[in-house]
Structures are given as C-alpha cells and as structure tokens.
Amino acid sequence: MQILLSIATLLAAQTSLSHYWHKLTDRTFTSVYHANAFDLAMMIPYFLVLFVLAAYGFHRYWLVYDYYAYSKNVPGPPPEVKNWPRVTVQLPIFNERYVIERLVEAISRFDYPREMLDVQVLDDSTDETCQVASTCVERHTEQGMPIVYIHRTNRAGYKAGALENGLKTSQGEYVAIFDADFIPEPDFLRRTIPYFVDPVNGAKIGMVQTRWTYLNRDYSLLTQVETILLDGHFVVEHGARSRRGTFFNFNGTAGVWRRRAIEEAGGWEHDTLTEDTDLSYRAQLKGWKFLYLPQIECASELPVDMNGFKAQQARWAKGLMQTAKKILPRVLKSNAPWHVKTEAFFHLTANISYPLMVLFSAMLLPAMIVRFYQGWFQMLVIDLPLFLASTCSISSFYIVAQRELRPKNWWRTILYMPFVMATGIGISVRNAQAVLEAIAGKKSEFARTPKFNIAGKKGTFVEKKYKNKAGWMPYAEVLLGLYFAGTIVYAIMNENYATVPFLLLFVWGYLYTGLMSLGQTYFAHLRFGVNAPEMRPAATGAPGF
C-alpha cells in the first residue's frame, strides 16, 4: 500500500511538472499574437525601467567586489601624539528635550585634555528644550567643562546654518560633530585625532568618519531592518569607496573635520538637505582626503516610529538628488580618475531608483498580461534575469555586511531579507515624491528625525511629542498593496507561480509601511514587555521628560 501511494505521488508530481513545463514552452500564441501600439507603449518603458534598475543592481555587486579586492587598503594604527591640538565639539540640536542631557553627559566623559577642548551646544529649539539644554550647560560649566550654549532665534540654514554660526566663535583646529541621539565613547577624540597629526599621511586628511552602532536595534522589526540597511551603508559602501580611493561622504555626525578643509571647500552651505554630502564632495574636489575608521564605533538611536523613519529616508533621498544636481557636473568636469567619476555618479543618483520602482509597480500587471501572450519562455529568459539582477543584489549586499560584522550569527540576516526588501519597496512612494521634488527644484524644510531616548527593547514613543504626521501618503501605499494583491490573484489564475514570491514583497512592503504609518500608535500599545519610561525630575532641576 505504501509503495502504491509513493508511486501515485511521484506520478502526480511528474504530471504537475510536465504540465507546468508545457505551460512555459507553449507556443500556441506564436502565430496568433501580433504586437500592437499598446503593447509597444507598455513594453518599451517596462524594459527601460528594468534595465536601469538592473544597472544599479550590478553596481551593488561592484561595490562588494571593490570591498574585497582592495581589502588591504585600510589605515593602520596612528602614531603616538605628544602635543594634542585644540578641538571644537559641536552639538547641533533642534527640539531634542528627550536626549540632549544624555548627549552632554557623554561628551563630559571625554578623556581629551580639557584645556584643548571647547564644546558648543548649538540650539535652534523652539520648545522647552531651550530650558533643559541651557540648564544642563550651566551645570557642566560649574563642574569645569569648557562648554557654551548658543541659541538662535531662527533656523536659517537649518543644521548647516547652526554649524556655520558655531564656527564663527569656535577655537579648534579640528571640529567633531555629534547629533543629539549619539553617545560617543570617552576615548573617541584620542582615537581619531592622531590620524590628522600623523607626520607621514595626516597633512591631507580633511575628515575622519567613524561607524555607527545602534542602542535600540532589537526594539522592533522596523529597527532590525534599519540596522541592516545602515550596516550595508557603513560596511560595504563606505568600506568599498574608502578602500578603492573614490569619494565618500561625511554622515553628518560621529566624525571629525579639519577646520581648514571646511573653509577651503567654501564652508557649510544649506541649498541641499544633505549638507554633509555636499560639503564632502566639495572638499574632496579640493584635494582633501577622507578616512573611514570602521573599528571606531559611535552608538546612536534608530527611529522607532514608521513616519519618523520615512521622513528621514525621504530627506536623505531628496538631499542626495539635490547634491547630484549641484555637484555631479563639477565632478564630471574635474581631473578625477574615471573610476572616481563613475562611483560618484552611481552614489549621487542612486535614489532615482525610487520613482522608477513606483513606475515599474504601476506597469507590472499590464506588462505581465502582454508578456503572457508573447510567451512564457521569453519571460524566463529576459524578464527574470533582469529582475533578479535588480533585487538579489540587494540581498547579497546586506548579507556581506552582516557577515563582516557578525561572523558567528550572520546567517540570521537571511531571515530578515524579505522584510528588508519589502520595506525598501514600501518607502518607494514617499522617496519617489522626494526625488521628483529635488529634480523639479522644489524646496522644503529640513524635516528632523524625532528621538525618544529609547535603548534596547524598553521604552515607548506613544505618549511623547515630536511624532511625524502620516499625511495622505499611507493611503496611496495601502492602495498599491491591494493592487498587487490583485496581481497575485491574476498570476495564480494563469499559473504564473514563479512571480508570486516577488509580488508578495510588493504586497507586504506597501501594506506594512502604509498601515504602520496610519496605526503606529495603536500597534505600539500592543507591544509586549514594553514599559513607559518613569517621569522624574531631570538632574538639572529642569522639568523632566
């Protein structure tokens, strides 16, 4: 009986496989189908979009190749420093009442010589953060810390304006910058400054960037995804570009600048939303060298709410495209080697993939119908390789980063890759809007990323201020999710099973980002084991938050 059942199962499987293979190689419509104007109108942009996305996918493979091919081009240990130079530490903040004290406390623990250090709290706040920050500065001043509080009554230039304003009264030869949600280690300056004063290679170093780590990476699925995304940037992108000798960017925080490099590059400018990348390219075009030190870590806090995360990603996407319009022509006209120009092009224009992804999403169902009548075999030979080139490169890119950082348990990243890819698809609508605004020259305010002083798995943002509003965008994302659910139904009805896993990524991505944006406060209440922080007076005597 068992033998008969086994034979029946095998025959059924063979029948199913043979049926599917017949479906793939069926030539029924070969002599019947003739392309018309509608088909051409769909297929030409479909393949153009797919080719461009595949090109950026191949670029990710190229970054992985450079990362390993130039693995020996890493900075060695710096020389011992006998005479420490003066350093200015700038702390730009705007409405950061939950984290400003934590930041100042971390800076107060620096083991750098106090007489060679001056700290600036550059506050553009419009709420009670002003009271918290000024009182915190007063307390540390009484304890002997060389710190000053500088408050502007307007946000002219936003963060770039605050940094430029601080430079007017700064005394340091070098400038370290930390955003409000960062917690540098006490030896941060002692480990970074020596590279600048190296008598052999230090004279031309204009900026040193360190690697971010994350206080709350295990807080939720969203923060796990954010960790993987940022690790890919800091390990593979920064690693490959710095090892190959191509241009890479200061990340706006957790880095140190030589003041003369800032001045020779033209200073901080605020005509883009990524003033850090803008200044980075201008400085490197002036001949300054950048150094990336992944072994030096600086802890930070990830956005825990979906709207905050999307606002951050949209700001970066728009700012990078603004920088591309401003800086890329200068790079292409410069005397930089071809590989530097090529990498700059892919780096600065990478976010064009977001509007292309939205366009691809809209065309996928009609293109699938047209390709069905053209023949399944063509879909497998042409469409599938291009689609894999533009999607699987993402997985390999981030898995390589996790393997470098976590060699013992990197394989767990594989379980998160569907969520990483889906989230990237889900934020494409918001980011596409930002990129198109940048191309059209539409200006917008600097949308800050709210920080809530959340570390580990504890804490909540539900009862706190600064949450970004959802707007109309989540409704569009939910509609797109439902659209792709219908596409899956069509694919199954036509036995196009090979496309279903990819279509599921679109469904999950758009529904996840859309629904989380609309109901993130409700979902946050459902988190188990999360306690609201204790409300107590701050150490400064100012109101506790």
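Further up the page is the structure itself.
In this report, we go over the structure that sits alongside the text. (Residues numbered from 1 in each chain as written. Predicted model: local features only at pLDDT ≥ 70, side-chain atom pairs only at ≥ 80, totals over all residues. Heavy atoms only, no water.)

### Quick notes on the nonpolar core
Spelled out, the test is: Buried Ala, Val, Leu, Ile, Met, Phe, Trp, Tyr and Cys residues form a nonpolar core when they are joined through side-chain atoms within 4.5 Å. Note on exposure labels: buried denotes an accessible area under 20% of the residue type's maximum, exposed denotes more than 50%, and partly exposed covers the range between, all computed with a 1.4 Å probe on protein chains only. Secondary structure counts use DSSP, requiring at least four H or I residues in a row for a helix and at least two E residues in a row for a strand, with both numbered from the N terminus. When checking whether two residues touch, look at their non-hydrogen atoms; a contact exists if any pair is within 4.5 Å.
Counting residues in hydrophobic clusters, the biggest one holds 66 residues, and the most contacted among them are Val89, Phe178, Leu189, Trp257 and Trp268. No other element matches strand E8 (residues 289–300), which puts six residues into this core. Apart from the residues lying within four places of it in its own chain, the contact partners of Val89 are Ile107, Phe110, Leu117, Asp118, Val119, Gln120, Ala176, Phe178 and Leu189.

### Here we look at the packing of aromatic side chains
To be explicit about the condition: Two rings from Phe, Tyr or Trp (for Trp, the six-membered ring) form a pair when their centres are within 6.5 Å of each other. A pair whose planes differ by under 30 degrees is stacked, one over 60 is edge-to-face, and the rest are tilted. The rule for a charge over a ring is simple: NZ of Lys or CZ of Arg within 6 Å of the ring centre, and within 35 degrees of the ring normal.
Evaluated as defined, the whole model comprises 25 aromatic pairs. Ring geometry for Trp257 versus Trp268: centroids 6.2 Å apart, planes at 70°, classification edge-to-face. Of this pair, Trp257 sits in strand E7 (residues 255–258) while Trp268 sits in the loop between helix H8 (259–264) and helix H9 (275–285), placing them 11 residues apart in sequence. Each member of the pair Trp257 and Trp268 is classed as buried. Arranged with centres 5.8 Å apart and planes meeting at 70°, the rings of Phe419 and Trp508 form a pair that is edge-to-face. In this pair, Phe419 sits in helix H14 (residues 413–426) while Trp508 sits in helix H17 (residues 500–525), placing the two residues 89 residues apart along the sequence. For Phe419, a relative accessible area of 29% corresponds to the partly exposed category. Cluster of aromatic residues (ring-pair linked, three or more members): Phe248, Phe250, Trp257, Trp268, Phe290 and Tyr292. Arg243 extends its terminal NZ or CZ atom over the ring of Tyr67, reaching a point 4.0 Å from the ring centre.

### Some remarks on helix H5 (residues 158–167)
At 3.6 residues per turn, the α-helix brings residues three or four places apart onto the same side. Across the 10 residues of H5, seven count as buried, placing the element largely inside the fold. Those residues of H5 that fall on the buried side of the exposure criterion are Lys159, Ala160, Gly161, Ala162, Leu163, Gly166 and Leu167. At its buried positions, H5 is contacted by strand E1 (87–93), strand E2 (117–123), strand E4 (174–177), H8 and H9.

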